[in-house]
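# Descriptive structure summary
Below are the chains, spelled out letter by letter.
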Number of protein chains: 2
Amino acid sequence: MVRGTRNGPYFCGIDAAMDVISGKWKVLILWELHHHGVRRFAELRRGLPGVSEKMLTQHVRELEEDGLVRREVYPEVPPRVEYSLTDDGTSLNASLASLGLWGTERIRRTGAAKVTP
Amino acid sequence: MVRGTRNGPYFCGIDAAMDVISGKWKVLILWELHHHGVRRFAELRRGLPGVSEKMLTQHVRELEEDGLVRREVYPEVPPRVEYSLTDDGTSLNASLASLGLWGTERIRRTGAAKVTP
DNA sequence: CCTGATACTTACCGAAAAGTGAGTACCCCA
DNA sequence: TGGGGTACTCACTTTTCGGTAAGTATCAGG
C-alpha cells in the first residue's frame, strides 16, 4: 500500500496536517516567516543553515501550492522574490506553537544540543 | 550536511518535536493509544489499516526509546505485549491536539477524502 | 493434525527524499 | 575585467524509508 499522500485520503486531522508539513525544512521555513514577516529567498537560505537551494525552492513551492505561503515576484534586475505567510500559514503556525513548547521542554529535559547558527 | 537527527542538534522546539514524530505511522500510533488507553500489538495493527508488522514494531520501539510509549511484555504463551502512553507521550498528544483541529478544518475546506476504515 | 493466532525478526527491494555541483542571465562595485 | 550577489533550474548520486515475504516458537480449537 502506498500513501505518499499530498492531499489525502487521511485518517484524521493530524494526518492531514502532517502531510502538509512533512519535509525536512518546512516547519523551519514557516517558523522563519512567522518571526520575520517577509523574507527574500537568500534571507531564508541564510536563516536555515544547511539547506540547499534546491530543497529550499522545492519546499517553498510546495508550501505555496498548499496555500500556506505567499510568493511575490518583483520583475526587477537583479530578481527579487518575497515570501510571507498566508492566513492559513499563520493559523498553522499558531497550531504548531504548543508543539514547539513541548519540544523546547524536551530539549531542556534531555539536554539535547541546539544547532549553532 | 546531514541532519538525520534523532536527538539533536535542533534549531528549535518544533524541530525537536518533529524529530520524534516523523515516521509514517507515529502520530497515528499515539492517537490510537490516546483513544484506547492500552492496546496490544495486533489491536494496534488492526487500528492502522495498511501498516506492516515491520513498520509497526519499528515505530513503536522508537517511540519507546524516546520515552513516549510504555511497552509491557507478559511472559505468557501465546505472547502478550501491551502498549500505552507515558506522561511524555500524553503531553505530546495534548500538544498535537490543536494541530489536529487545524487539519480537520483543512480537510473540511479542501474537501479531501478520509481513509475508508 | 492442521490452521490460525500471538508478536515479532530478517533479508531483500523499490521508491522517494535529500544532497551535490554545475549552469543561467543580468547587475553592481572595485 | 573580475568577483559577488540575485533566484533559481537541471542532471545526477546517495541515503533513507517503507513494503513484501518468509521464518520462529508455542498453544488453542476444530
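In what follows, the accompanying structure is described.

About the cut-offs
Residues numbered from 1 in each chain as written. Chains lettered and ligands numbered in written order. Predicted model: local features only at pLDDT ≥ 70, side-chain atom pairs only at ≥ 80, totals over all residues. Heavy atoms only, no water. Near = heavy atom within 4 Å. Polar contact = N/O pair within 3.5 Å; in protein donor to acceptor, adjacent residues only side chain to side chain. Helix = DSSP H or I, 4+ residues; strand = E, 2+ residues; numbered from the N terminus. Nonpolar A, V, L, I, M, F, W, Y, C, P; charged D, E, K, R; others polar. Least-squares fit on C-alpha atoms with pLDDT ≥ 70 in both. Contact = heavy atoms within 4.5 Å. Buried < 20%, exposed > 50% of the residue type's maximum accessible area, 1.4 Å probe, protein only. Salt bridge = Lys/Arg side-chain N within 4 Å of Asp/Glu carboxyl O. Pairing = 2+ DSSP bridges.

### A few points about the protein's contact with DNA strand D
The environment of DNA strand D is formed by 22 residues, the closest being Glu53, Arg71 and Tyr83 of chain A together with Lys24 and Lys54 of chain B. Of all atoms in DNA strand D that approach within 4 Å of the protein, 69% are sugar or phosphate atoms. Here Pro79 of chain A contributes a backbone N or O atom positioned 3.2 Å from a sugar or linking oxygen of DNA strand D. Lys24 of chain B places a main-chain nitrogen or oxygen 2.7 Å from a phosphate oxygen of DNA strand D. Contributing elements (two or more residues each) for the surface near DNA strand D: helix H3 (41–47), helix H4 (53–65) and strand E3 (80–85) of chain A together with helix H4 (53–65) of chain B. Considering every element that reaches the surface near DNA strand D, the biggest residue donor is H4 of chain A, with four residues. Split into classes, the residues belonging to the surface near DNA strand D amount to 10 nonpolar, four polar and eight charged.

### Focus: the relation of the copies chain A and chain B
Once turned by 179° and shifted 0.0 Å along the axis, chain A lies on chain B with an RMSD of 0.1 Å. Taken together, the turn and the small shift mark the pair as related by a two-fold rotation axis. Taken as a fraction of all interface residues of chain A, those also at the interface in chain B reach 100%, which identifies the copy contact as same-surface.

### Describing helix H1 (residues 13–21) of chain A
All names here are of chain A. Among the nine residues of H1, nine are classified as buried, and the element is accordingly described as predominantly covered. For H1, the complete set of buried residues consists of Gly13, Ile14, Asp15, Ala16, Ala17, Met18, Asp19, Val20 and Ile21. One or two positions beyond H1, positive phi appears at Gly23, with a value near 145°.

### Notes on the pattern of salt bridges
A complete count under the given rule lists 23 salt bridges over all chains for this structure. Of the charged contacts in the structure, one is a salt bridge between Arg6 of chain A and Glu65 of chain A, with a shortest N-O distance of 3.9 Å. On the criterion of sequence distance, the pair formed by Arg6 of chain A in the segment before H1 and Glu65 of chain A in helix H4 is long-range, its members being 59 residues apart. When its relative accessible area of 31% is taken as the criterion, Arg6 of chain A is described as partly exposed. The shortest N-O distance in the salt bridge between Arg45 of chain A and Glu53 of chain A comes to 3.4 Å. Under the relative-accessibility criterion, Glu53 of chain A is labelled partly exposed at 46%. The structure contains a network of salt bridges with shared partners spanning Arg6, Lys26, Glu62, Glu65 and Asp66 of chain B.

### Details of the side chain of Thr86 of chain A
All names here are of chain A. Among the secondary structure elements, Thr86 is positioned in the loop between E3 and helix H5 (87–110). The buried category is assigned to Thr86, whose relative accessible area is 14%. In terms of polar contacts, Thr86 uses its side chain to reach the backbone carbonyl oxygen of Gly67, at 2.6 Å. Contacts of Thr86, omitting those with residues within four sequence positions, involve Gly67, Leu68, Val69 and Arg70.

### Comments concerning the pairing of strand E3 (residues 80–85) of chain B
Residue and element names in this part refer to chain B. Where burial is concerned, most of E3 is hidden: five out of the six residues are buried. Alignment of strand E1 (residues 38–40) against E3, held across three bridges, turns out to be antiparallel. Each bridged residue has a counterpart across the sheet, and for Arg40 the counterpart in E3 is Glu82. Pairing between strand E2 (residues 69–74) and E3: six bridges, direction antiparallel. Its bridge partner lying in E3, Glu72 is registered against Glu82.

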